[in-house]
Amino acid sequence: MSMQNLKNKELNKIYSKISSVVPEVEWKFHAPLIEKINKLKKEKNAVILAHNYQTPEIYHGIADISADSLALALEAAKTQAKIIVLCGVHFMAETAKLMSPDKKVLIPDMQAGCSLAESITGSDVRMLKEKYPGVPVVSYVNTSADVKAESDVCCTSANAVKVVESLGTDKVIFLPDHYLANYVQKNTKVKIISWQGTCMVHEKFTGKEVEDIKKENPDIKVIAHPECPPDVISASDFAGSTSTMVEYVKEKQPKKVLLVTECTMSDNVQVENPNVQFIKPCNLCPHMKKITLNKVYDCLKNETNEIKIGHNIAEMARKSVLRMAEIGR
Ligand code: 13P
Ligand code: SF4
């Protein structure tokens, strides 16, 4: 088979997978970029890590690993590649750099932020530590390196309760997500002192919206992300990190499902579970959606948008992330 036929075969394979969620008119623009990125990736010994909220053409077309925040951090530490391109938001790329300090870590758009990470600074954490002396600080991985540097340990939604309980104290400062703190508090006896940060995507969902969807679809299974408000979690059948949601659908194969989270993920999971019907109220993360194939290609080709963290902050922040990695999922 000629080289061009082989390439066409690979592209056709990708498109046959995502054709139910990517219209043909869009695919015409995506296909040449996917081909160029996958070629460049091999030439440069680069790996592409993508969060579950990335669009299907990134998630299924170019990513070597697609996962939740915890798995992305752990994979960044394991990879043998020279360059990591993180298709996700800035804190994820920073975490990858902390886990793999000797690698070149690139993010396709430096402006891909996060409302949670922006809700708190390192000096806010110092203020909290003064207010609650001796109380350990658990910071969600959705924070800047400055905040991680002031923390004792990080967590993600996949291991928050486990991390809190690993400290062996009767109180912890848990930041910055108020709703995740609330979820953790319901699942542990440790007293949680929280901050007022919220995710601009998950805070939009309401318990009423979920109840209405359940009324219209009596046989539906509802799975919510723990960044959602408490009435959404109580109206759901299950709550967990994005990868736990993916596993739930894969294992249980419900007839109908509502994933109460960033809505692109439903497209990605639908592709792999064709017998499951997805109901999709669509809340998009504007930060995640800043990542496009064009930007991935440019940043990999020119090796631009490299993540740099000052030495002292990096050393302190790394300890919090490594402590989380030791605790695991
Ligand atoms: P997880 O993938 O860790 O569940 O995180 C969700 C999220 O909002 C990341 O931005
Ligand atoms: Fe941040 Fe929410 Fe977007 Fe995740 S979905 S990156 S938590 S704003």
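In case you missed it, the structure is sitting above this.
Residues numbered from 1 in each chain as written. Chains lettered and ligands numbered in written order. Predicted model: local features only at pLDDT ≥ 70, side-chain atom pairs only at ≥ 80, totals over all residues. Heavy atoms only, no water.

A. The arrangement of the state of the cysteines in detail. In total, this model carries one disulfide according to the counting rule given. Two residues, C263 and C282, share a disulfide whose sulfurs are 1.8 Å apart. One end of the pair, C263, is in the loop between β11 (256-260) and α13 (264-272); the other, C282, is in the loop between β12 (277-279) and α14 (293-302), with 19 residues separating them in the sequence. (Disulfide = S-S within 2.5 Å. Helix = DSSP H or I, 4+ residues; strand = E, 2+ residues; numbered from the N terminus.)

B. Spotlight on the side chain of N283. Within the secondary structure layout, N283 lies in the loop between β12 and α14. Note on N283: relative accessible area 14%, which makes it buried. Once you skip the residues sitting within four places of it in the chain, N283 turns out to touch V201, K204, F205, T261, E262 and C263. (Buried < 20%, exposed > 50% of the residue type's maximum accessible area, 1.4 Å probe, protein only. Contact = heavy atoms within 4.5 Å.)

C. Spotlight on the site of ligand 2. Contacts to ligand 2 come from Y53, V89, C114, S115, L116, N142, C199, M200, V201, E227 and C285. Residues of the shell around ligand 2, tallied by class, amount to eight nonpolar, two polar and one charged. (Near = heavy atom within 4 Å. Nonpolar A, V, L, I, M, F, W, Y, C, P; charged D, E, K, R; others polar.)

D. Representation of the site of ligand 1 within the structure. The environment of ligand 1 is formed by H51, Y53, D68, S69, M92, N142, S157, H225, E227, S241, T242 and M288. Within the side chain of S69, an N or O atom sits 2.6 Å from an oxygen atom of ligand 1. One nitrogen or oxygen atom from the side chain of E227 is found 3.3 Å from an oxygen atom belonging to ligand 1. Isolated, ligand 1 exposes 300 Å² of accessible area, and the fraction of that covered by the protein chains is 96%. (Polar contact = N/O pair within 3.5 Å; in protein donor to acceptor, adjacent residues only side chain to side chain. Areas by Shrake-Rupley, 256 points an atom, 1.4 Å probe, with all protein chains shown as cover.)

E. Here's a closer look at helix α15 (residues 311-327). End to end, α15 covers 25 Å across 17 residues, agreeing with the expected 24 Å (1.5 Å per residue, within 8%). Among the residues of α15, A314, A317, R318, S320, V321, M324 and I327 are the ones counted as buried. In this structure, the buried side of α15 is in contact with α4 (69-78), α5 (90-99), α7 (145-149), β6 (153-155) and α8 (160-166). Just downstream of α15 lies G328, where phi reads positive at about 75°. (Expected span 1.5 Å × (residues − 1).)

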